[in-house]
Amino acid sequence: MMADGTESESRKLLRRLRDTLAEAGKGQERLDRITSLIADSMGCEVCSIYLFRDDDTLELCATEGLKAESVHQTRLRLGEGLVGRVAKMGKPINTGNAPSERGFRYMPETGEEIYSAFLGVPIQRLGEMLGVLVVQAKAARQYSDDEVYAIEVVAMVLAEMAELGAFVGEGEALSAPHQHPVLFRGGTGQEGTAEGHVWLHEPRVLITNPVADDPQAECERLRDAVQKLRLSVDTLLAKADSEDGEQQQVLEAYRMFANSRGWLRRMEEDIHRGLSAEAAVEKEQSATRARLNDVPDPYLRERLNDLDDLSNRLLRILTGQGHDTGAAMPPNPVLVARNIGPGELLEYGRKLKGVVLEEGSVGSHAAVVARALAIPLVIHAERITTEALNGDRILVDGDQGIVHLRPDENVAAAFRDKIAMQAQAMERYAGLRLLPAQALCGTTVGLHMNAGLMADLPSLEGSGAEGVGLFRTELQFLIRNQVPKRGELAALYSRVLDAAKGRRVAFRTLDIGSDKVLPYMKRVDEPNPAMGWRAIRVGLDKPGVLRMQLQALLRAANGRPLMVMFPFVAQFEEFLEARDHLLREIDREGQLGHVLPERIEIGAMLETPSLAFAPKQFFDLADFISIGGNDLKQFFFAADRENERVRRRYDTLNASFLTFIGHIVDRCVESGTALSFCGEDAGRPVEALCLAAMGLRTLSMRPASIGPVKSLIRRVNLAEVRRVIDDEIRVGRTTVRPAIMDWLSRQNEGL
Ligand code: PEP
Ligand code: MG
């Protein structure tokens, strides 16, 4: 606790600041008043406020003591000079001899060389850097801890006020955040476009009263809120599965933080220095976030994340903001979140027009669900949760991985044109729905769709898919918090077959592990999960769930034909073993008197290069093979499909990869084994064309891709495409893409 005198000084300063901010006036006037107020209260010659003009540039926006002409003229890049360094590090610089400090930069227009003492603190809100607040004095002295604290608190209040738009109206840097158009370049999680309004999964809590007069009353409010928080954590703990030791441990640690005396004490100290209860919580939260950025240890980061989460809850309790306020979803909601679990996303369901995530990856659970729901998804839209407010207008371009937040009218108009063009194309594709994907040379390619939810099945009719080439069964496991029961699964698979109306459905057995971790499965930490204990490896080592799933499939078929495919088979033996499990279950079901499928096809997914070189016996025994191109490509090039840094490095139309695909086709032709391709590339028209030219006669893709792929295949001669590919490979080209694109554009000219 601080000495009483200093404490009241800090409170006095905050109260004066609040009164100043409450007075009417434009942004610039307010900033000017604030700088003179601080200089006066702190007894120093200079007080200046620098705000970000753009991501990289700080601008002097108000000053007391420096030359007035330098306001809005003096600019610094992030990291430049002491001010730039404060912004870059996110930490204060406090020195009695500024000119000798590392990074000092002399700015003659400000006349600052005569000031020795320098204290700069970041103006930031929950890790979002807005600017720098600086005080300077002639006397060569360092500011005391209490003075640093007071300036930090003032900077925090400034950040809160900026958030509320207190400085709007004077130039770019003074404008409130959350008003300008912002463009985010992320990655594609699911193609498609959407126009709508932001719906924040975890809305930001706005603090309207950072300064408070009555510390006693504020401390009471804080203690009440903490008590409520503790009770809610206890309830959470009581509800949790007591059998699940890990979950208990995690929640116990969470409760420990909620009960932490140190946390409460620090917040109470902040209140005594003049902050409101909310502002005190947020100050602690900012400190936690700052530490998060510095801690590489994943265990500690998890703990700090817990603390961050608790602070959020506490803020919601104190302000009454957030999910429990019953705010209505805006029309055409676009969900914006740091990340979201598959279950939560599924709960929102198809009412969402789009999803934008800061994290996520193409294969993440959220992406899988978004794809199944055919909702455009952009991932890696960094900082969007900081920028976006509920209700903001937003345009999502899932094709390019681009998001326009609060777009201006020109951008919105161009975007609408694009959507209209897509709608026209969709109409064209709808006209092809009942026609085969027959190329000009007479070759026909079977186009099937990928699915994973019951909700996907209606697309079978609309898209014109011939069947379901890949039914990913893991979604049913991912969206529950316990292993689904055999009866539940059998009922679901049966409904899938009903909806398919006799069309073929290739059910893939559970493909978990790697990025797909079941919430109720004991997490196994592996150095490289994508190459670890996943898919059929789990199924063979712990066959209980696999066998239960096979039983469910057999019962669901109830006499109808059944296709079962095993994922991630790397060698013949694994296929034999998995197949044996199925044969045993067929036997058992027969003995139990269940009706057996009239025909069973047993296939494997070829997702590792090794399987392409399996003995001929494998190709003879498999009823069908489906190339899982997503995995196959990552292992062929040793480029992690989840890693944005490397995943685009190797083109699917790479000559080596296409040669390899040709080898797989040859082996299947030799043994007469049906072959399909069900990775994401099957749904990209140019890629699909080349795969077909390499000899693939069945492609399975997202339903929305069937129209575009069919439309292209019907316009070309596959034998000619193959000739282009072969020529390019012969001359030693790395990728055949430029030649194919060139050939296609010549075809288009001819049409
Ligand atoms: C693949 O790997 O291409 C595939 C279809 O399986 P998943 O994307 O589910 O791993
Ligand atoms: Mg795969």
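This text goes with the structure placed above it.
Starting afresh in each chain, residues are numbered from 1 along the sequence in its written order. Going through the entries in the order they are written, you letter the chains from A and number the ligands from 1. This being a predicted model, a pLDDT of at least 70 is required before a residue's local features are given, and a value of 80 or more before pairs of side-chain atoms are given or counted; all residues contribute to the totals for chains, interfaces and linings. As a rule here, side-chain values come from all non-hydrogen atoms in the structure, and water together with hydrogens is ignored.

**Some details on the coordination of the magnesium ion (ligand 2)**
- Only N, O and S atoms count as donors, using a 2.8 Å cut-off from the metal and 3.2 Å for Na, K and Ca, and because water is excluded some sites may appear unfinished. The magnesium ion (ligand 2) binds to the protein through E607 (OE) and D631 (OD), with metal-donor distances spanning 2.0 to 2.1 Å. Taken as a pair, E607 in the loop between β20 (600-606) and α21 (609-612) and D631 in helix α23 (residues 629-637) lie far apart in primary sequence, 24 residues in all.
- Using a relative accessible area of 2% as the deciding quantity, one classes D631 as buried. Starting at the N terminus, helices and strands are each numbered in turn, a helix being any DSSP run of H or I of at least four residues and a strand any DSSP run of E of at least two. Burial status follows relative accessibility: with a 1.4 Å probe on protein chains alone, a residue under 20% of its type maximum counts as buried, one over 50% as exposed, and anything between as partly exposed.

**Quick word on the pairing of strand β5 (residues 117-125)**
- With eight of nine residues buried, β5 lies mostly within the body of the structure.
- By the bridge criterion, three bridges tie strand β4 (residues 93-95) to β5 in an arrangement that is antiparallel. For N94, the partnering residue across the bridge sits in β5 and is L119.
- Paired strands, in this sense, are two strands between which DSSP finds at least two bridges. From the end of β5 to the start of strand β6 (residues 128-137), which pair antiparallel, there are two residues, and L126 there has a positive phi angle of about 50 degrees.

**A few points about the environment of L562**
- Here L562 shows up in strand β19 (residues 562-569).
- With 57 residues separating them in the primary sequence, L562 and V505 have C-alpha atoms 7.5 Å apart.

**Some words on the sheet that holds strand β9 (residues 193-200)**
- One open sheet accounts for eight strands, arranged β7-β14-β13-β9-β10-β11-β12-β8; its pairing is mixed. The open sheet has two edge strands, β7 (182-185) and β8 (187-190), and neither has a second partner. Averaged over all pairs of adjacent strands, the angle between strand axes in this sheet comes to 25 degrees, irrespective of strand direction.
- Sheet topology places β9 next to strand β10 (residues 333-337); four bridges connect them, and they run parallel. Residue H197 lies in a different strand from β10, and its bridge partner there is P333.
- Here a residue-residue contact requires only that any non-hydrogen atoms of the pair lie within 4.5 Å. Lines fitted to C-alpha atoms define the axes, with helix axes restricted to the stretch in contact, and inter-axis angles between N-to-C directions lie between 0 and 180 degrees. Against the sheet, helix α14 (residues 409-431) contacts β9, β13 (393-397) and β14 (402-405), and its axis sits at roughly 45 degrees relative to β13.

**Focus on the sheet that holds β6**
- The sheet built from six strands is open, its strands ordered β3-β2-β1-β6-β5-β4 with antiparallel pairing. Single-partner strands in this sheet number two, and they are β3 (75-77) and β4. Mean inter-strand twist for the sheet, computed between neighbouring axes without regard to direction, equals 25 degrees.
- With six bridges joining them, strand β1 (residues 46-54) and β6 adopt antiparallel strand pairing. Of the residues in β6, the one forming a bridge with I49 is L133.
- In the packing of helix α2 (residues 27-42) onto the sheet, the strands contacted are β1, β2 (57-64) and β6, and the crossing angle to β2 comes to about 65 degrees.

**Observations regarding the packing of helix α17 (residues 486-500) against helix α19 (residues 543-557)**
- With their axes 8 Å apart at the nearest point, α17 and α19 run at an angle of 45 degrees to one another. Relative to α19, the element α17 lies oblique. The two elements α17 and α19 meet at a crossing, and its hand is right-handed. Between α17 and α19, the residues in contact are R486, L489, A490, Y493, S494 and L497 and M548, Q549, Q551, A552, L553, R555, A556 and A557, respectively.
- Under this grouping Gly is polar, as are all residues other than the nonpolar Ala, Val, Leu, Ile, Met, Phe, Trp, Tyr, Cys and Pro and the charged Asp, Glu, Lys and Arg. Residue composition of the contact of α17 with α19, by class: nine nonpolar, three polar and two charged. Each angle is binned into one of four classes, with values under 35 degrees roughly parallel, values over 145 roughly antiparallel, values of 65 to 115 roughly perpendicular, and all other values oblique. Handedness of a crossing is defined here by the sense of rotation of the near helix relative to the far one, left-handed for an anticlockwise turn of less than a right angle and right-handed for a clockwise turn.

**Side note on the side chain of T95**
- Position of T95 relative to the elements: it lies in strand β4.
- The exposure class assigned to T95 is buried, which follows from its relative accessible area of 6%.
- Polar contacts, as used here, are pairs of N or O atoms within 3.5 Å; protein pairs need one atom able to donate a hydrogen and one able to accept it. Residues neighboring in sequence count only if both atoms are side-chain atoms. A polar side-chain atom of T95 sits 3.0 Å from the main-chain amide nitrogen of N97.
- Here the side chain of T95 touches E101 through a polar contact of 3.3 Å, side chain to side chain.

**Concerning the site of ligand 1**
- With respect to spatial proximity, 14 residues lie near ligand 1, and among them R472, R508, E607, N630 and R641 are the closest.
- In this structure, an oxygen atom belonging to ligand 1 sits 2.9 Å away from a side-chain N or O atom of R472.
- A distance of 2.8 Å separates an oxygen atom of ligand 1 from a polar atom in the side chain of E607.
- Expressed as a share of its isolated accessible area of 290 Å², the protein-covered part of ligand 1 is 98%.
- For the shell around ligand 1, the secondary structure elements donating two or more residues are β17 (468-472) and α23.
- Here the shell around ligand 1 takes three residues from α23, the largest share from any one element.
- Of the residues that constitute the shell around ligand 1, the class distribution is three nonpolar, four polar and seven charged. Neighbouring residues are identified by heavy atoms, a residue being near a molecule or strand if any of them is within 4 Å of it. Residue burial considers only the protein chains on display, and all accessible areas are found by Shrake-Rupley using a 1.4 Å probe.

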